[in-house]
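Coordinate analysis (summary)
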Amino acid sequence: MNRLTSKTALVTGSSRGMGRAAAIRLAREGALVAVHYTARKDAAEDVVAEIEKDGGRAFTVRAELGVPGDVHELFLGLENGLRERTGSTDLDILVNNAGVMGGVKPEDTTPEKFDELFAVNAKAPFFLIQRALKNMPDGGRIINITSGLTRVANPDEIAYAMTKGAVDQLALHFAKYLGPRNITVNSVAPGITRNDNPVFGIPEAVEQMAQLSAFNRVGEPEDVADVVAFLATDEARWITGSFVDATGGTLLG
Ligand code: NDP
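1. Description of the overall build of the protein
- For the protein, the count of helices and strands is seven helices and seven strands.
- Its helices and strands taken in sequence order, the protein reads β-α-β-α-β-α-β-α-β-α-β-α-α-β from the N to the C terminus.
- For the protein, the C-alpha radius of gyration of 17 Å lies close to 18 Å, the compact-globule estimate for 253 residues.
- With respect to the principal axes defined by its C-alpha atoms, the protein has extents near 50 × 35 × 35 Å.
- Partitioning the contacts of the protein with sequence separation of at least 6, the portion at a separation of at least 24 is 71%.
- Total accessible area on the protein is roughly 12400 Å²; 53% of this is exposed by carbon and sulfur atoms.

2. Things to note about empty space enclosed by the protein
- Under the definition given, this model contains one cavity of 30 Å³ or more.
- Its volume calculated, the largest cavity comes out at about 30 Å³.
- Mapped onto the lining of the largest cavity, the elements with two or more residues apiece are helix H4 (111–132) and helix H5 (158–178).
- Broken down by class, the residue content of the lining of the largest cavity amounts to four nonpolar, three polar and one charged.

3. Re the sheet that holds strand S5 (residues 141–145)
- Strand order in the open sheet made by the seven strands is S3-S2-S1-S4-S5-S6-S7, with parallel pairing throughout. Every interior strand has two partners, whereas the edge strands, strand S3 (57–62) and strand S7 (243–246), have only one. If you compare each strand with its neighbour and ignore which way they point, the axes differ by 20° on average.
- Taken strand by strand, H4 contacts strand S4 (93–96) and S5, and its axis lies near 170° from that of S4.

4. Re the site of the ligand
- Around the ligand sit 29 residues, and of these Ser15, Ala39, Asn97, Tyr160 and Asn195 come closest.
- Taking Ser15, its side chain carries an N or O atom lying 2.6 Å from an oxygen atom of the ligand.
- Within the backbone of Ala39, an N or O atom sits 2.6 Å from an oxygen atom of the ligand.
- Bound to the protein, the ligand loses 90% of the 910 Å² it would expose on its own.
- At the level of elements, helix H1 (17–28), strand S2 (32–37) and H5 are the ones that each hand at least two residues to the shell around the ligand.
- Taken together, the residues that form the shell around the ligand break down as 12 nonpolar, 13 polar and four charged.

5. Remarks on unusual backbone geometry
- With a phi close to 75°, Ser6 is a non-glycine residue in the positive phi region.
- Here Ser6 is to be found in the segment before strand S1 (8–11).
- The phi angle at Asn216 is positive, at roughly 55°, despite the residue not being glycine.
- Along the chain, Asn216 falls in the loop between helix H6 (203–210) and helix H7 (221–232).

6. Re the nonpolar core
- Counting residues in each nonpolar core, the largest one holds 32 residues, and the members touching the most others are Leu26, Val33, Val35, Ile51, Val95 and Val188.
- Broken down by secondary-structure element, the contributors of at least two residues to this core are S1, H1, S2, helix H2 (41–53), S4, S5, H7 and S7.
- Setting aside its immediate chain neighbours within four residues, Val188 contacts Ile143, Asn144, Ile145, Thr146, Val224, Val227, Leu231, Val244 and Ala246.
- Core analysis: the next-biggest nonpolar cluster, separate from the first, contains 30 residues, Phe59, Val61, Leu78 and Val167 among them.

7. Describing the packing of helix H3 (residues 70–86) against H4
- One can describe the packing of H3 onto H4 by two numbers: an axis separation of 10 Å at closest approach and a directional angle of 45°. For the element pair H3 / H4, the angle class is oblique. Note on packing geometry: the crossing formed by H3 with H4 is right-handed. Between H3 and H4, the residues in contact are Asp70, Val71, Leu74, Phe75 and Glu79 and Ala124, Phe127, Leu128, Arg131 and Ala132, respectively.

Rules of the game
Residues numbered from 1 in each chain as written. Predicted model: local features only at pLDDT ≥ 70, side-chain atom pairs only at ≥ 80, totals over all residues. Heavy atoms only, no water. Helix = DSSP H or I, 4+ residues; strand = E, 2+ residues; numbered from the N terminus. Rg over C-alpha atoms; globule rule 2.2 N^0.38 Å. Contact = heavy atoms within 4.5 Å. Areas by Shrake-Rupley, 256 points an atom, 1.4 Å probe, with all protein chains shown as cover. 1 Å grid on protein atoms, 1.4 Å probe; cavity = no way out; pocket = protein on both sides within 12 Å on 5 of 7 lines; lining within 4 Å. Points joined across faces, edges and corners; volume = space filled by probe spheres on them. Nonpolar A, V, L, I, M, F, W, Y, C, P; charged D, E, K, R; others polar. Pairing = 2+ DSSP bridges. Axes fitted to C-alpha atoms, helices over the stretch in contact; angles between N-to-C directions. Near = heavy atom within 4 Å. Polar contact = N/O pair within 3.5 Å; in protein donor to acceptor, adjacent residues only side chain to side chain. Core = buried A, V, L, I, M, F, W, Y, C linked by side-chain atoms within 4.5 Å. Buried < 20%, exposed > 50% of the residue type's maximum accessible area, 1.4 Å probe, protein only. Parallel < 35°, antiparallel > 145°, perpendicular 65-115°, else oblique. Left-handed = near helix turned anticlockwise from the far one by under 90°.

Encoded structure:
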């Protein structure tokens with residue numbers, strides 16, 4: 001533990017779900033964490049309170065992603081928060097986690113829905129990386145949360161899966177580009193993972209979803225957070241441009 005002492009991290013969409021778990025996990029390793037959210041201020045503040053109770057350091061940053069000015073707004077809050085606490089605006093770790101699901105059949109996918117999915121899930125991470133590179137020292141870490149749905153068919157999520165396929169490309173190309181700076185860039189692909197969705201309150205549905213995993217259970221946010229934390233440490237310095245399957249064996253078929 002404490003493998004990230006003196007590091008700073010931004011986890012987008014960390015008010016809930018896997019982002020929340022990743023923020024808590026990175027803070028437990030000693031990182032100062034920016035807990036980003038868009039609507040659920042209360043939830044983001046709870047994450048900060050939990051981290052502080054544990055002896056860690058964190059602060060909230062609000063910005064809606066997928067709209068004009070999103071990256072600028074996020075970095076205003078981020079840089080203020082970092083400067084106040086560290087005297088610098090260095091950002092060592094960026095976790096692109098915020099995302100929205102589609103849940104619409106191919107024939108019901110409107111151009112507006114398609115654009116929204118791409119704006120939040122694919123465009124925002126690209127421009128967040130572009131902006132973060134101004135603040136990221138050599139040896140930094142970029143971790144993008146994609147999805148097992150880039151490797152297994154689900155027609156109701158075709159547009160969403162397309163966005164995550166685009167996110168996978170970030171690791172491939174940015175990894176090559178940033179190798180000379182010793183910055184690693186990797187994709188982490190979760191399978192079905194528990195979040196606030198009411199479906200996780202229906203035992204029969206959970207049982208059915210659990211069967212998709214080789215371990216016969218749905219993923220917990222911490223299952224993915226542990227993978228993110230590992231990739232953020234120095235121990236993962238030799239891994240870049242990877243697609244890390246964190247689906248609990250769902251892709252084994
Ligand atoms: P949740 O749905 O639990 O939380 C989403 C988070 O993203 C929240 O913090 C939310 O903020 C934030 N967010 C959503 N939309 C925006 C936006 N437009 N601008 C800024 N922030 C936004 O997330 P999950 O833990 O379920 O998923 C995390 C990531 O993992 C996503 O990228 C998702 O696509 C991916 N994934 C999820 C799977 C799953 O089964 N859960 C499976 C595979 C991949 P706020 O609280 O303020 O609304």
